[in-house]
Amino acid sequence: MEGAEDTEVSLELPSLVRIYKSGRVERLKGNDVVPASGDSPSGVSSKDVTISPDVSARLFLPKVVDSGKKLPVLLYIHGGGFVIETPFSPTYHDYVGSLAAAANVVAVSVHYRLAPEHPLPAAYEDSWSALQWVASHAEGGGPEHWLTDHGDFKKIFMAGDSAGGNIIHDLAIRAGEEGALKAGVVEVVGSILIHPFFWGTHENEPKDEPEDVAGAWMKTFWKLVCPNSTVSDNLYTNPLAVEHSRLAWLAGKRVLVCLAERDFLTVWGRMYHDRLASSGYKGTVEILETKEEGHVFHLFNPDCENAREMLKRVVDFINLAFNLRTKNDAEEKTFSGAGEELSSGITVVTETKAKANEGEEIERWPHNRRRRKGRRWLSIATEVATIADRRGSTVTRGGRISPACSGSRSAQHSSSWSRSPIPTPAPLIKLTSQLTSFRVEP
């Protein structure tokens, strides 16, 4: 009987994960890993570190020309829908390494626990632990000499894509809370949210049939990663559910939201941008949108013109935020003007909270997006049609089927996700060259 259950699928999200009735979890992509290297053609070295029994990271150090010069520190959170990928995969090893080389930063790429074995908020808590670990190296503390010797902890940047972009939003709010980080010693200067995962319900959201198909897929997906909450009404997925007073405390002086025209999450990225820009946040909020591209296109095709241009814009944003150039020169080289379309097909829109405070009309993004009804939703419709879902079931502790997700949003719309302790994790899986299929025993 057990052998039959081990081959019978309970739930499948194509391209992401397959769950068997036995509790076995099979990840369908993002399983290949590459080793860290002492050097690379770009001059960036990398190595792996253990942060806690639950959290690890891959560090990237660019070629150090001036040993006396401290470099900005970049905390990077990978995407993958909270269920797949790792900093050790070729995709993220190459991307974060390229970013570290181009921006000349010490990068910390975080490996957090994945759902469904570890439902949310495990990924949020692990990422917060990683940020605190980075901050512990300020003033010469901490165990990692790459950080103590080369990191400038008054110039911390945070970036992430997709689910990682969503996690960055959470980290920025928590880091902005009074006393969360050591004032005057550790400072988050800015955040970059690349194609961030946000979702919810709102009167202005599209109401056409393809949107309903996407909504059905999203509900199934969310039940997998956080079974005791809904995707549409919690503080982490729905930016419109977050109180303005909390957004106003967002850490850093600058926020960059990167979007892609053909990404079905883009409408929510714009809503997030608007919500933050009108919240009382005293920094600068910017949008960088790429036309004719889909979700995380820069990871799938990093050598295309738009991916190279987006990398350059992200690097320029970091340099501007860290004042590594004079203000006028940096602004001239970074942005050709709010709302202007660049030759590569990237549109940049810059907004500041000062305008919103003064009651001035905020300049909106160009409304020239095509809806592409049906076409861009085809893959989602196909995925929804193939989902085999056993109602009320999901994999949590020990890879077994059971409901568990501390941190659901209350009916009273509480101001923060419950920070109750994470359930005791299953044993960590030893990193191998392939993590395609595995079983975690209790």
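Residues numbered from 1 in each chain as written. Predicted model: local features only at pLDDT ≥ 70, side-chain atom pairs only at ≥ 80, totals over all residues. Heavy atoms only, no water.

Visitor: What is the right way to look at unusual backbone geometry in this model?
Guide: Note: most residues except glycine have negative phi, and most peptide bonds are trans. Backbone torsion omega between Ala115 and Pro116 reads 5 degrees, so that peptide bond is classified as cis. By the element assignment, Pro116 lies in the loop between strand E7 (106–111) and helix H3 (122–135). Each neighbour pair has its own omega, and for Leu120 with Pro121 the value is 15 degrees, a cis peptide bond. Mapped onto the elements of the fold, Pro121 is located in the loop between E7 and H3. A positive phi angle, near 75 degrees, is found at Ser15, a position not held by glycine. Structurally, Ser15 is set in the loop between strand E1 (9–13) and strand E2 (17–20). Given a relative accessible area of 40%, Ser15 falls into the partly exposed group. (Helix = DSSP H or I, 4+ residues; strand = E, 2+ residues; numbered from the N terminus. Buried < 20%, exposed > 50% of the residue type's maximum accessible area, 1.4 Å probe, protein only.)

Visitor: Looking at this model, I keep getting lost on the nonpolar core. Mind explaining?
Guide: Soluble globular proteins tend to pack their nonpolar side chains together in the buried interior. By size, the foremost hydrophobic cluster in this structure holds 83 residues, and its most contacted members are Leu75, Phe82 and Phe221. For this core, the leading source of residues is H3, giving eight residues. Within the second largest apolar cluster, 33 residues are counted, among which are Leu74, Phe157, Ala307 and Ile318. (Core = buried A, V, L, I, M, F, W, Y, C linked by side-chain atoms within 4.5 Å.)

Visitor: What should I look at first to understand the pairing of strand E11 (residues 284–290) in this one?
Guide: Two faces belong to every sheet, and in a regular strand the side chains alternate between them. By the criterion of burial, E11 is predominantly enclosed, with seven of the seven residues buried. Neither face of E11 is open: one carries Thr284, Glu286, Leu288 and Thr290, the other Val285, Ile287 and Glu289, and all of them are buried. Both strand E10 (residues 254–260) and E11 contribute to a ladder of seven bridges, which runs parallel. Bridge pairing in E11 links Leu256 to Glu286. As a crossover connection, the stretch from E10 through helix H8 (residues 266–277) into E11 is right-handed. (Pairing = 2+ DSSP bridges. Right-handed = clockwise from strand over helix to strand, strands pointing away.)

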